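Fold and geometry: a report
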Amino acid sequence: MPKPKPDSNGRARENEPPDDRFQVEDPAAEELEQRSLTEVADQDSALFKLLGSSLAPYKRWLIMALVLMLGTSALNVVPPYLLQQAIDGPIARGEMRSLWWITALYGATALGLYGLTFAFTYFLQQAGQRALADLRSRLFDHILRQDHGFLTQTSTGELVSRLTNDIDQLNAVLSRSIVIVLVEGVTLIVVVVVMFMVNWRLALLSLAVLPVVAVVTRYFRARIRRSSSGERSAQARISAFLNEHLHGMTVVQLFNREDESEREFEAYNKRYREALIELRWHSALFLSVQEILSSVGLGLILYGGGQGVLAGWATLGTLVAFVQYTERAFQPVLRLSQEYNTVQVALGAAERIYAMLNTRPKVQDPPDPVPLTRVRGEIEFRNVHFWYVPDEPVLRGIDLHIPPGQSVAVVGPTGAGKSSLVSLLARHYDPRRGQILLDGVDLRRYRLTDLRRAVAVVPQDPVCLAGTIAFNIRLYRDDLSDEDVRRAAEFSNAARFIEELPGGYDFQVLPNGENLSQGQRQLLALARALALNPEGVLVLDEATSSIDTATEALIQEALERILRTRTSLVIAHRLSTIRNADRIIVMERGRIVEDGDHASLLARGGHYARLHQHQLMGVETKLAG
Ligand SMILES: Nc1ncnc2c1ncn2[C@@H]1O[C@H](COP(=O)(O)OP(=O)(O)OP(=O)(O)O)[C@@H](O)[C@H]1O
């Protein structure tokens, strides 16, 4: 069992997960905690820009909703006025006929209010939900176009959270807070004006507590803001923990680490619980104080207004109407304060979405792309330097010329830079210095879609999506016929295992290809590469782990055939693959240290000969056994 970490004073912190883990797990959460006041202005503008740009296409619906909302606010003051008229007029005079008319008007106003509320909600939802759906699509589309570096550095949980939770927060603002702020805000103004018009003395009495309300609101706002930011960061941490641990559940179970995992979860859960309780406590306290102040306001109007009726400067009807006006004046204040937290959360969400939408991919299309129609497959690396982290070079001055049609096996110890070299070829990243040319043109001058059609990549552990085998080969290219799919499967040797699956090409692959072996996934990826990129360069990262002998043989046979037909760069781990290649390059610490064919490199007795001796023969022997 891991011991609790000591704190700076050397004391053990019970049940407390190490802080360094927090820092890496959710930058957004940390960011929230450290937010300064100046950043709040950025948040506000992010929310306005996001909502503004998303709502712009639906402004007609929005204007309709706004007009109807204003109508609702204005109509809100009518019922108390009718009450006053009824009491001071027909009731005081005993005229039943006029009372009937006022009652009818009262009913009509109530109906009008329901109708208007329904209509503006309808228009607002039409605009709001469409705008949010557009924003979701815009964000997803933007993420799809990000570079490899961004996608490897940003956790899936974070991306999913942007697309779901954060957009939901904006939804809460659009479908509730905006209505409350506008309707209740305008109602407050109208009520105050009407109150002063009807009786300024009573108006002053009923609004006497408003300055106290303002001070109290200010006081609680600061507290709610802090505890709500604490709650969000605790929630982000618990989500990040769950995301990681649910993914890694198998390893936790295999090594009997359930108890430790549970203990760690308990610590996150405790923090989340405490943060939630603190937030709810502040909110409940705030609400109670508001209710008390509103009752004090009503008490004042009852007492002062009663005196007014006795003294003759107010009528009974005015007093009753003012009780209602006061309630209506306090309701906006209460509801606006309740919405404060929702708006705060949405501001943070908007800022995160906005920041993501403003992330520009480092790998982009050129302004004046060179067309790439027929690929010859000539590759040239010219003094290519690359690093992920400054001062930690991964490729140091690679010079390599591969003529069209040549198959090159890249070998070298782990960490030598082989995967980095081939990932530059598909422009997952761009070289930091130097250039890479395909058919004599710098890769950066081609359109990315053209380049990726010209360079097919088969990764070591290929991705399979949930769907049929045929879908996984076609990958949304519906113009590829069943015949094309079959031909690619046959040429890559995937057809043999596919035909043995129940349903063959209609076999349902589970998410992440869980019901296929690693070898089968690689064969499927090979078929996909051949179907989608029938010509051009093939880049393959051979699986390092041993694959079952039958699948291994299928892959080898397919590679032998494929390598003969096109320019290929294979990060090779199998001796047979290396032998089948026209040329072998040996990498070590970011440099090409040997270049030649199998026989000449063996004869040279250098790096390759040693690698061959120690590593490759081991793999081959294992294979043969
Ligand atoms: N995304 C990344 N961010 C930072 N460093 C990275 C990243 N990917 C690889 N590296 C580092 O770059 C170096 C070269 O890695 P690379 O994967 O290219 O080597 P390799 O020869 O393919 O190794 P292997 O055979 O184990 O796959 C390593 O030191 C690795 O830690």
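Residues numbered from 1 in each chain as written. Predicted model: local features only at pLDDT ≥ 70, side-chain atom pairs only at ≥ 80, totals over all residues. Heavy atoms only, no water.

1. Remarks on the overall build of the chain
For clarity, the threshold we go by: Helix and strand assignments follow DSSP, with helices taken as H or I runs no shorter than four residues and strands as E runs no shorter than two, numbered in order from the N terminus. Exposure classes here rest on a 1.4 Å probe applied to the protein chains alone. A residue is buried below 20% of its type maximum, exposed above 50%, and partly exposed in between. Contacts between residues were defined by any pair of non-hydrogen atoms, one from each residue, lying within 4.5 Å. Accessible areas in this description were obtained via Shrake-Rupley with a 1.4 Å probe; residue shielding takes into account the shown protein chains only. Here the positive residues are Lys and Arg and the negative ones are Asp and Glu; neither His nor the chain ends is included. Note on charges: their place is set at NZ of Lys, CZ of Arg, CG of Asp or CD of Glu.
The helix and strand tally for the chain stands at 23 helices and 12 strands. When the 625 residues of the chain are sorted by exposure, 46% land in the buried category. When contacts within the chain are restricted to residue pairs at least 6 apart in sequence, those whose partners lie at least 24 apart make up 77%. Total accessible area on the chain is roughly 32,100 Å²; 58% of this is exposed by carbon and sulfur atoms. Once the 67 positive and 71 negative side-chain charges of the chain are each reduced to a mean point, those two points are 5 Å apart.

2. Comments concerning the site of the ligand
Which entries qualify depends on this criterion: Proximity is defined per residue: if any heavy atom of the residue lies within 4 Å of a molecule or strand, that residue is considered near it. Think of a polar contact as two N or O atoms within 3.5 Å of one another; within protein, one of them needs to be a possible hydrogen donor and the other a possible acceptor, and neighboring residues in sequence only count if both atoms come from side chains. Residues were grouped as follows: Ala, Val, Leu, Ile, Met, Phe, Trp, Tyr, Cys and Pro as nonpolar; Asp, Glu, Lys and Arg as charged; and all remaining residues, including Gly, as polar.
Around the ligand, the neighbouring residues are Tyr388, Val394, Pro413, Thr414, Gly415, Ala416, Gly417, Lys418, Ser419, Ser420 and Tyr429. Contact distances for the ligand include 2.9 Å between an oxygen atom and a side-chain N or O atom of Lys418. Measuring from an oxygen atom of the ligand, one finds a side-chain N or O atom of Ser420 at 2.5 Å. Here the ligand, which alone exposes 630 Å², has 57% of that area covered by the protein. Per element, the largest residue contribution to the shell around the ligand is 3 residues, and it comes from helix 14 (residues 418-425). Looking at the shell around the ligand residue by residue, the class counts come to 5 nonpolar, 5 polar and 1 charged.

3. Section: the domain arrangement of the chain
In plain terms, the rule: How far each domain reaches was decided by an automatic or database domain assignment.
Looking at the assigned domains, one finds that the chain contains domain 1 (51-357) and domain 2 (379-460 + 532-624). Inter-centroid distance (C-alpha atoms) of domain 1 to domain 2 is 59 Å.

4. A word on the side chain of His245
Within the secondary structure, His245 sits in helix 10 (residues 210-247). The exposure class assigned to His245 is buried, which follows from its relative accessible area of 15%. Looking at His245, its side chain comes within polar contact range of the side chain of Ser261, at 3.1 Å.

5. Considering the UniProt feature "domain: ABC transmembrane type-1" (unreviewed entry) in the chain
Note the threshold: UniProt positions are given in the numbering used here, feature names are shortened, and annotations may be inferred rather than shown by experiment.
The sites that UniProt annotates as "domain: ABC transmembrane type-1" (unreviewed entry) are residues 63-344. For residues 63-344, helix accounts for 93% and strand for 0%, while the C-alpha atoms at its two ends are 25 Å apart.

6. Quick notes on the environment of Leu425
Looking at where Leu425 falls in the secondary structure, it is placed in helix 14. C-alpha of Leu425 to C-alpha of Ala466: the two residues are 41 residues apart in sequence and 28 Å apart in space. Sequence-distant contacts of Leu425, that is, excluding residues within four places in its chain, are made with Ile379, Phe381, Ile436, Leu443, Leu451, Val455, Val537, Val539 and Leu569.

7. Regarding the nonpolar core
Note the cut-off: What we call a nonpolar core is a set of buried Ala, Val, Leu, Ile, Met, Phe, Trp, Tyr and Cys residues that are connected through their side-chain atoms within 4.5 Å.
With 48 residues, the main nonpolar core has Ile469, Ile473, Ile498 and Tyr505 as its most contacted residues. Ranked by residues supplied to this core, first place goes to helix 19 (residues 518-532) with 9 residues. Leaving out residues up to four positions away in the same chain, Ile498 has contacts with Ile469, Ile473, Ala489, Gly504, Tyr505 and Leu524. Counting 34 residues, the second largest nonpolar core, distinct from the first, contains Phe386, Ala416, Ala426 and Val539.

8. Details of the packing of helix 6 (residues 96-144) against helix 13 (residues 316-357)
So the rule is basically this: All axes here are fitted lines through C-alpha atoms, helices being fitted over the stretch that makes contact, and every angle between N-to-C directions spans 0 to 180 degrees. Roughly parallel means an angle under 35 degrees; roughly antiparallel, over 145; roughly perpendicular, 65 to 115; everything else is oblique.
Remark: helix 6 packs on helix 13, axes separated minimally by 13 Å, with the N-to-C direction vectors making an angle of 10°. By the angle class used here, helix 6 and helix 13 are roughly parallel. Taken together, the residues of helix 13 that come into contact with helix 6 (itself represented by Tyr106, Leu135, Arg138, Leu139, His142 and Ile143) are Gln324, Ile353, Met356 and Leu357. Across the contact of helix 6 with helix 13, the residue classes break down as 7 nonpolar, 2 polar and 1 charged.

9. Structural notes on the sheet that holds strand 2 (residues 393-402)
In a beta sheet, neighbouring strands pair by backbone hydrogen bonds and run either parallel or antiparallel. Stated precisely, the cut-off is as follows: Two strands pair if DSSP finds at least two bridges between them.
Reading across the sheet, the 4 strands line up as 2-1-4-5 and stay open at both edges, with antiparallel pairing between neighbours. Bordering the open sheet on either side are strand 2 and strand 5 (441-442), each of which pairs with just one other strand. In terms of strand pairing, strand 1 (residues 379-387) meets strand 2 through 7 bridges, oriented antiparallel. Across the sheet, the residue bridging to Ile379 is Ile402, located in strand 2. Packed on one face of the sheet, helix 14 meets strand 1, strand 2 and strand 4 (433-438) and runs near 120° to strand 1.

10. As for the UniProt feature "transmembrane region" (unreviewed entry) in the chain
Mapped onto the present numbering, the UniProt feature "transmembrane region" (unreviewed entry) falls on residues 61-79, 99-124, 178-196, 202-220 and 281-303. With 100% helix and 0% strand, residues 99-124 has end C-alpha atoms that lie 37 Å from one another. End C-alpha atoms of residues 202-220 are separated by 29 Å, and the span's content is 84% helix alongside 0% strand.

11. Let's talk about the confidence of the model for the chain
For clarity, the threshold we go by: A residue's pLDDT is simply how confident the predictor is in it, with values from 0 to 100.
Taken over all residues, the pLDDT of the chain has a mean of 83, while the share at 70 or more is 91%. Mean pLDDT in the chain bottoms out at helix 1 (residues 19-25), which sits at 33, and peaks at strand 1, which reaches 96. Within the model, the stretch residues 1-40 combines pLDDT values under 50 with 55 contacts to residues more than four positions away or in other chains. Of the regions scoring below 50 in pLDDT, residues 620-625 engages in 5 contacts with residues more than four places distant in sequence or in other chains. Scored as a whole, the predicted complex attains pTM 0.70, and scored at its interfaces, ipTM 0.95.

12. Regarding the pattern of salt bridges
Just so we agree on the cut-off: By definition, a salt bridge exists where a carboxyl oxygen of Asp or Glu is found within 4 Å of a side-chain nitrogen of Lys or Arg.
Applying the stated criterion across every chain yields a total of 16 salt bridges. If you follow the salt bridges from partner to partner, you end up with Arg162, Asp166 and Arg352 in one network.

13. Remarks on the sheet that holds strand 6 (residues 455-458)
Pairing is mixed across the open sheet formed by 6 strands, whose spatial order is 6-9-10-3-11-12. Each edge of the sheet is formed by a strand with only one pairing partner; in this case those strands are strand 6 and strand 12 (591-596). This sheet shows a mean twist of 20° between the axes of neighbouring strands, independent of strand direction. For strand 3 (residues 407-411) and strand 11 (residues 583-588), the ladder comprises 4 bridges, and the chain directions are parallel. Bridge pairing in strand 11 links Val408 to Arg583. Sitting on the sheet, helix 19 is in contact with strand 6 and strand 9 (537-541), with an inclination near 170° to strand 6.

14. Overview of a nonpolar patch on the surface
As a reminder of what qualifies: Patch membership is restricted to residues that have no salt bridge and whose relative accessible area is over 30%. Joining uses 9 Å for like charges and 5 Å for the nonpolar side chains Val, Leu, Ile, Met, Phe, Trp and Tyr.
Taken together, the side chains of Ile189, Val193 and Met197 present a nonpolar region at the surface, about 340 Å² in accessible area. Secondary-structure assignment places Val193 in helix 8 (residues 156-198).

15. Describing the environment of Asn269
When you line up the elements, Asn269 lands in helix 12 (residues 258-311). Between the C-alpha atom of Asn269 and that of Gln235, which follows or precedes it by 34 residues, the distance is 8.8 Å.

16. Considering unusual backbone geometry
The backbone of Leu475 sits at a positive phi, close to 45°, despite the residue not being glycine. Relative to the elements of secondary structure, Leu475 occurs in the loop between helix 16 (469-474) and helix 17 (482-491). Using a relative accessible area of 27% as the deciding quantity, one classes Leu475 as partly exposed.

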